[in-house]
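This is what each chain is made of:
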Number of protein chains: 2
Amino acid sequence: MQNLFPEKIDTLFINCNIATMADNGISINKNGALAVTGEIISWVGKEKNLPDNFKIKCKKNIDCKNRWILPGFVDCHTHLVYGGSRSNEFEMRLKGTSYEEISKQGGGIFSTVNASRNASKESLFTSASKRVKTLLKQGITTLEIKSGYGLNLESELKILEVIKQLDKKFPLHIEATFLGAHALPIEFKGNPDEYIDLVTHTMLPEVKIQGIATAVDVFCETIGFSLDQTKKVFQKAKELGFNIKLHAEQLSDSNGAGLASEFNALSCDHLEYLSLSGAKKMAQHNVIAVLLPGAFYYLKETRKPPVDIFRKLKIPMAVSTDLNPGTSPVHSMTLILNMACMLFDMTCEEALLGASINGAKALGLGNTKGSIEKGKDADLVVWDIDTPADLCYLAGFNPVEMVMIKGDKINF
Amino acid sequence: MQNLFPEKIDTLFINCNIATMADNGISINKNGALAVTGEIISWVGKEKNLPDNFKIKCKKNIDCKNRWILPGFVDCHTHLVYGGSRSNEFEMRLKGTSYEEISKQGGGIFSTVNASRNASKESLFTSASKRVKTLLKQGITTLEIKSGYGLNLESELKILEVIKQLDKKFPLHIEATFLGAHALPIEFKGNPDEYIDLVTHTMLPEVKIQGIATAVDVFCETIGFSLDQTKKVFQKAKELGFNIKLHAEQLSDSNGAGLASEFNALSCDHLEYLSLSGAKKMAQHNVIAVLLPGAFYYLKETRKPPVDIFRKLKIPMAVSTDLNPGTSPVHSMTLILNMACMLFDMTCEEALLGASINGAKALGLGNTKGSIEKGKDADLVVWDIDTPADLCYLAGFNPVEMVMIKGDKINF
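Residues numbered from 1 in each chain as written. Chains lettered and ligands numbered in written order. Predicted model: local features only at pLDDT ≥ 70, side-chain atom pairs only at ≥ 80, totals over all residues. Heavy atoms only, no water.

Examining the overall build of chain A
Counting secondary structure elements, chain A contains 16 helices and 16 strands. In terms of overall dimensions, chain A is globule-like: its C-alpha atoms have a radius of gyration of 21 Å, near the 22 Å expected for 412 residues. Along the longest, intermediate and shortest principal axes, the C-alpha atoms of chain A span 75 × 50 × 45 Å. Residues classed as buried in chain A amount to 61% of the 412 residues present. Per element, the accessible surface of chain A, about 15,400 Å² overall, is 48% carbon and sulfur. On chain A, the mean spot of the 46 positive side-chain charges and the mean spot of the 47 negative ones are 4 Å from each other. (Helix = DSSP H or I, 4+ residues; strand = E, 2+ residues; numbered from the N terminus. Rg over C-alpha atoms; globule rule 2.2 N^0.38 Å. Buried < 20%, exposed > 50% of the residue type's maximum accessible area, 1.4 Å probe, protein only. Areas by Shrake-Rupley, 256 points an atom, 1.4 Å probe, with all protein chains shown as cover. Lys, Arg positive; Asp, Glu negative; His and termini not counted. Charge placed at Lys NZ, Arg CZ, Asp CG, Glu CD.)

Quick word on the interface of chain A and chain B
Every contact between the two is made by 39 residues of chain A and, on the other side, 39 residues of chain B. Buried area between chain A and chain B, summed over both chains or domains, comes out near 3,300 Å², and the portion from carbon and sulfur atoms is 61%. Seen at the junction of chain A and chain B, the total is four salt bridges. Asp345(B) is paired through a salt bridge with Lys300(A); the nearest N and O atoms lie 3.1 Å apart. Scanning the region where chain A abuts chain B turns up 24 residue pairs in polar contact (both at pLDDT 80 or more). When residues of the side of chain A that touches chain B are traced back to their parent elements, those giving at least two are helix 2 (87–94), helix 5 (121–137), helix 11 (293–298), helix 13 (333–344) and helix 16 (390–393) of chain A. Element by element, the count of residues in the side of chain A that touches chain B is highest for helix 13 of chain A, at six residues. (Contact = heavy atoms within 4.5 Å. Buried area = accessible area lost by both parts, 1.4 Å probe. Salt bridge = Lys/Arg side-chain N within 4 Å of Asp/Glu carboxyl O. Polar contact = N/O pair within 3.5 Å; in protein donor to acceptor, adjacent residues only side chain to side chain.)

Some points on the pattern of salt bridges
Scanning the entire structure with this criterion turns up 38 salt bridges over all chains. Between Lys369(A) and Asp379(A) there is a salt bridge, and its shortest N-O distance comes to 2.7 Å. Separated by 10 residues along the polypeptide, Lys369(A) in the loop between helix 15 (357–362) and strand 14 (380–383) and Asp379(A) in the loop between helix 15 and strand 14 bring together distant segments of the chain. Take Asp379(A): its relative accessible area is 6%, and that puts it in the buried class. One salt bridge connects Glu144(B) with Lys146(B), and the closest N-O pair in it is separated by 2.9 Å. Each member of the pair, Glu144(B) together with Lys146(B), is buried. Within this structure, Arg67(A), Asp384(A), Glu401(A) and Lys130(B) form a network of salt bridges that share partners.

Quick look at the sheet that holds strand 6 (residues 73–75) of chain A
Remark on secondary structure: sheet strands pair via backbone hydrogen bonds, oriented parallel or antiparallel. Residues and elements named next belong to chain A. What the eight strands build is an open sheet, ordered 6-7-8-9-10-11-12-13; its pairing is parallel. Unpaired on one side and paired on the other, strand 6 and strand 13 (317–319) mark the two borders of the sheet. Across the sheet, the mean angle from the axis of one strand to that of its neighbour is 25°, orientation sign disregarded. Along the sheet, helix 6 (residues 153–169) contacts strand 7 (140–146) and strand 8 (173–181); its crossing angle with strand 8, the most-contacted strand, is approximately 175°. This element, helix 7 (residues 192–210), spans strand 8 and strand 9 (215–220) of the sheet and lies at about 150° to strand 8. (Pairing = 2+ DSSP bridges. Axes fitted to C-alpha atoms, helices over the stretch in contact; angles between N-to-C directions.)

Some details on the packing of helix 6 (residues 153–169) of chain B against helix 7 (residues 192–210) of chain B
Residues and elements named next belong to chain B. In the contact formed by helix 6 and helix 7, the axes pass within 10 Å of each other and the chain directions differ by 30°. Looking at the two axes, helix 6 sits roughly parallel to helix 7. By crossing handedness, the relation of helix 6 to helix 7 is classed as right-handed. Contacts between helix 6 and helix 7 involve Leu153, Glu156, Leu157, Leu160 and Glu161 from the first element and Thr202, Met203, Glu206, Val207 and Gln210 from the second. Grouping the constituent residues of the contact of helix 6 with helix 7 by class yields five nonpolar, two polar and three charged. (Parallel < 35°, antiparallel > 145°, perpendicular 65-115°, else oblique. Left-handed = near helix turned anticlockwise from the far one by under 90°. Nonpolar A, V, L, I, M, F, W, Y, C, P; charged D, E, K, R; others polar.)

Observations regarding the side chain of Asn17(B)
Residue and element names in this part refer to chain B. With respect to the element layout, Asn17 can be found in strand 1 (residues 11–19). The exposure class assigned to Asn17 is buried, which follows from its relative accessible area of 3%. At a separation of 3.0 Å, a polar atom in the side chain of Asn17 contacts the main-chain carbonyl oxygen of Asn66.

Brief notes about helix 7 of chain A
Since the α-helix advances by 3.6 residues per turn, residues separated by three or four positions end up pointing in the same direction. Residues and elements named next belong to chain A. Over its 19 residues, helix 7 runs 25 Å from end to end, which matches the ideal 27 Å to within 8%, given 1.5 Å per residue. Of all the bends in helix 7, the largest measures some 35° and sits at Met203, one to four residues before the proline Pro205. On its buried side, helix 7 packs onto helix 6, strand 8, strand 9 and helix 8 (227–239). Of the residues trailing helix 7, Gly211 is marked for its positive phi of about 60°. (Expected span 1.5 Å × (residues − 1). Bend = angle between axes of the 7 residues up to and from the residue.)

Observations regarding the sheet that holds strand 13 (residues 317–319) of chain B
Residues and elements named next belong to chain B. Strand order in the open sheet formed by eight strands is 6-7-8-9-10-11-12-13, and the pairing between neighbours is parallel. Edge positions in the sheet fall to strand 6 (73–75) and strand 13, since each of these pairs with one other strand and no more. On average, adjacent strands in this sheet sit at an angle of 25° to one another, irrespective of strand direction. Where strand 8 (residues 173–181) and strand 9 (residues 215–220) come together, three bridges link them in parallel fashion. Considered in strand 9, the bridge of Thr177 is made with Ala215.

What about helix 4 (residues 109–118) of chain A?
Residue and element names in this part refer to chain A. Along helix 4, the positions that sit buried rather than exposed are Thr112, Val113 and Ser116. The buried residues of helix 4 all sit within an arc of 100° when viewed along its axis, so they share a single face. Check the buried side of helix 4 and you find it contacts helix 5 and helix 6. (Arc of directions from axis to C-beta.)

Things to note about the domain arrangement of chain A
Accessible area lost during the coming together of the parts is what is often quoted as the interface size. Residue and element names in this part refer to chain A. Taken domain by domain, chain A consists of domain 1 (11–71 + 372–409) and domain 2 (73–362). When each unit is reduced to the centre of its C-alpha atoms, the spacing between domain 1 and domain 2 is 31 Å. Taken residue by residue, the interface counts 22 residues in domain 1 and 21 residues in domain 2. Each partner contributes to the roughly 1,700 Å² buried at the junction of domain 1 and domain 2, and carbon and sulfur atoms together form 67% of this total. A per-residue breakdown of the area domain 1 buries against domain 2 is headed by Met21, Cys392 and Ile405, which together make up 33% of the total. For the interface between domain 1 and domain 2, the tally reads zero salt bridges. Counting across the domain 1 and domain 2 interface gives four residue pairs in polar contact (both at pLDDT 80 or more). Those elements giving two or more residues to the side of domain 1 that touches domain 2 turn out to be strand 5 (68–71), strand 14, helix 16 and strand 15 (400–405). Partitioned by chemical class, the residues of the side of domain 1 that touches domain 2 number 17 nonpolar, three polar and two charged. (Domains from an automatic or database assignment.)

Here it is as structure tokens:
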């Protein structure tokens, strides 16, 4: 798209530094300017290249006082609609209670499943709203939320409906992913194939009819579902036209990434135990690697995802909060940027690309979100920082100055 | 102090849950009420125990809607007045540059020393003000700041003056610590004893005369100062009436804690390599153990401080941000609470005590700060959480609803 000056401008940012995240790099424009027309970025470049009378012609000029503009963050993997809390389990573990003991007492994911099943739509909406607001205030403008704490038709649909409500209520763009095959519900103990049949032949078609999810995800793992079971779900999902995503190779190598790649998945997520052959398949099918350092941190894992292999094979890496009550109660993308650098040895540039354009690609939104380019949605954050690396290096604070989504300034 | 009802009340918090942090525990009062008279907490207890006409008699009732009140956090170890930034070094390390190479290029602590020496008082004040505001917004109401990036009389005094200005400007209580013996300045290379003479015989008396620090700290370490050098500084500091603190046993066991204990230090800080005999001396002299998980995290250390020994010997543990540009650019006490639990295996209760009453004790302020008790300063934070453990368990968000310091509600 040619960088011609737009005829009409609604907002003009001047006196700013812009990290566009276009062209596979941070791509810095110092002393930049950025124009927004309607919902769209209509011009981006050096301020000195603006025509003389340009500022006067614009409805609204925003002097950024040398601050930084980056694309709004894309958080491409969360489970933030859930009932209950797991802080009691966190306390118990610190006092020496084992995972097994906690599980025996009804803890772990099933405590969240029970609480989510028992929660009203209203209460799920209220608690999730708080989390969405927290993410928005910290610069996340596009968000994926998975179901997966219902594990029966009624409760899975309830969670997906709450996600739809959140998308309507909040200015963020929210993508819903159906994760019926997140864990085996207790009532199907010993009969995983039967549950997979329910997911495949009952839940999936109903989710499709209701049009309340764009992607389908599975937890493929020794403690989740087998490769064959995953394949069954994916076949039906593909047939119904869903995008495909996979929780793959988090705790062991099940070759899930290879399978997902054959289904042209948008992303494989976690990937600590990914093999070289799995990675090669991902590269071949342009699958995004979504890395989740929050879960790595909370689970005290030691095996890191193979970042060097992703680099070599040019597999784009996304990073995400994985916001969930059990393994990653992390509410901040900047904290995830920090962990991506500190725990996974990613560079600041890689982490920032992971939270923006590569996150967008992991949701199939690479054409409209995740970078500052003419013609893309005007999802922007103004940050009070000295350099983009500050977002990775400094921890525990929120230097957001302003958030804009589709051309609208967000008021908190 | 008897829990009689005060005659005059300025603010009454009702419908709240209170975690007092008194009596060496979280000490929870559910359905509590709390009265503030002037700068002081004048009553705390169960709301049902309030006299019938009490709410009407009070000037200002605050309905906390079942939220939690905790004492304002005490951040007892920071280095937050500094010039420059080290985010470029963070980036360089992630790209593979070694510490040695960075050091050769003028990086590391000496880049901060240079930038701090070259900075005007005004610019130091401006950059530090941002950091103080960030801490305050996240529930820190008492703060210690060390000098130690000047390393000559003029620049050390400049930093201490900035700390004094910050204390005047902001409602937080700020304690200044003189850390002239933080590192050997380049101009004294090969002559550490000469520098220690300068610290002891020139700087210390001048700091005393100007009355701009209450405590003296030393970095006792193979890459810092020796035990003998530390002793010289402490002898003079004691003679002049300063409180004593020590950066001890962070990277190796120099037996600094034993020495500091003999000087009845308020605290020894870091302590990853503390020996049992050092710990015993700390216990004997009622020295607080200040644990700094941020530095442990950023330095990717693997040896943890001996938390079990502190428990056995009943040595109170404080936790702190250690906010500094090199090894702990952490701006949040809740993130430190999380790291204390995740990285040092502290319980939520221990971490919370560490950020409140034990932090206060590490500053010699145990009688006025750090817990919610009748007669103590009304430094309070209202948190939008379900349970105090949420402050440790959840990461990357700031559920502060209200901050009060000495009876005044803080407006952000």
